[in-house]
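Here is what each chain is made of, one letter per residue.
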Amino acid sequence: PADFATKKLTVLLTGATGFLGAFILNDLLAKRADRVAKVICLVRAKSKEDAINRLRESGEGRGVWNSEWETQGRVEAVVGDLANENFGLDATEWSRIAKEADTVVHNGAIVSPVLRTPSRTH
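Parameters at a glance
Residues numbered from 1 in each chain as written. Predicted model: local features only at pLDDT ≥ 70, side-chain atom pairs only at ≥ 80, totals over all residues. Heavy atoms only, no water. Patch = residues over 30% accessible without salt bridge, like charges linked within 9 Å, V, L, I, M, F, W, Y side chains within 5 Å. Areas by Shrake-Rupley, 256 points an atom, 1.4 Å probe, with all protein chains shown as cover. Salt bridge = Lys/Arg side-chain N within 4 Å of Asp/Glu carboxyl O. Helix = DSSP H or I, 4+ residues; strand = E, 2+ residues; numbered from the N terminus. Contact = heavy atoms within 4.5 Å. Polar contact = N/O pair within 3.5 Å; in protein donor to acceptor, adjacent residues only side chain to side chain. Buried < 20%, exposed > 50% of the residue type's maximum accessible area, 1.4 Å probe, protein only. Core = buried A, V, L, I, M, F, W, Y, C linked by side-chain atoms within 4.5 Å. Phe/Tyr/Trp six-rings, centres within 6.5 Å; stacked < 30°, edge-to-face > 60°.

(A) Expanded view of a nonpolar patch on the surface. Nonpolar side chains collect at one region of the surface, where Phe19, Leu20 and Phe23 lie side by side and expose about 310 Å² of accessible area between them. Its location among the elements puts phenylalanine 23 in helix α1 (residues 19–31).

(B) Representation of the environment of lysine 38 within the structure. With respect to the secondary-structure elements, lysine 38 resides in strand β2 (residues 36–43). For the pair formed by lysine 38 and leucine 12, sequence separation is 26 residues and the distance between their alpha carbons is 8.7 Å. Apart from the residues lying within four places of it in its own chain, the contact partners of lysine 38 are Leu9, Thr10, Val11, Gly73, Arg74, Glu76, Arg96 and Glu100. Polar side-chain contacts of lysine 38 include one of 2.9 Å to the side chain of glutamate 100.

(C) Molecular detail of the side chain of threonine 14. Examined against the element boundaries, threonine 14 turns out to sit in strand β1 (residues 9–14). In this structure the side chain of threonine 14 is engaged in a polar contact, spanning 2.9 Å, whose partner is the backbone nitrogen of asparagine 107.

(D) Layout of the side chain of lysine 38. By relative accessible area, lysine 38 is classed as buried at 17%. A distance of 2.9 Å separates a polar atom in the side chain of lysine 38 from a polar atom in the side chain of glutamate 76.

(E) Structural detail: the nonpolar core. Membership of the largest hydrophobic core comes to 18 residues, with the highest contact counts inside it found for Leu13, Leu25, Leu29, Val39, Cys41, Leu55 and Val75. Contributions of two or more residues to this core are made by β1, α1, β2, α2 (48–61) and β3 (75–79). Apart from residues no more than four positions distant in its own chain, valine 39 is found in contact with Val11, Leu13, Leu25, Leu28, Leu29, Arg74, Val75 and Glu76.

(F) How the structure looks around the packing of aromatic side chains. All chains considered together, the criterion is met by three aromatic pairs. An angle of 75 degrees between the planes, with centres 5.3 Å apart, marks the rings of tryptophan 65 and tryptophan 69 as edge-to-face. Just as tryptophan 65 is buried, tryptophan 69 falls in that class too. Geometrically, the ring pair formed by phenylalanine 87 and tryptophan 94 is edge-to-face, given 5.6 Å between the ring centres and 70 degrees between the ring planes. The exposure class of phenylalanine 87 is partly exposed, given its relative accessible area of 24%.

(G) Summary view of the pattern of salt bridges. Across all of its chains, the model carries nine salt bridges by this definition. Between arginine 32 and aspartate 27 there is a salt bridge; the shortest N-O distance is 2.5 Å. Its relative accessible area of 22% is what places aspartate 27 among the partly exposed residues. Here glutamate 93 ties to arginine 96 by a salt bridge, and the two come within 2.9 Å at their closest N and O atoms. Linking glutamate 93 with arginine 96, this pair stays in helix α4 (residues 91–100), spanning three residues, or about one helical turn.

(H) The environment of valine 43, seen in detail. Locating valine 43 in the fold gives a position in strand β2. The exposure class assigned to valine 43 is buried, which follows from its relative accessible area of 1%. With 33 residues separating them in the primary sequence, valine 43 and glutamate 76 have C-alpha atoms 9.9 Å apart. Filtering out sequence-adjacent residues up to four positions away, valine 43 remains in contact with Thr17, Ala51, Arg54, Leu55, Ala77, Val78, Val79 and Gly80.

Set out below in structure tokens:
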């Protein structure tokens, strides 16, 4: 959009519950409050409540959570999975996020106990 440089942004963040993700979320909401209005976090969870709890626990465990983000509506957790088409979101949720999000910070990874990086030999 023409106002991208000046408007407050909504960010879609993947990998928000991981170590780095907690700090990215904090950076976006605490240190860039002048530019970031809201962060929508894609979280693997059973329910929306479980998803926000995972975000909260991850941030609190690393000392970078602010409960005001929830009460102010600046953070939202959506249940999804990067391994699935449209991140496992139904058509309505996918469309809403596509319209609402101004940018994506892709910090997530596909997690699998079967997949691993091959070892290197020298």
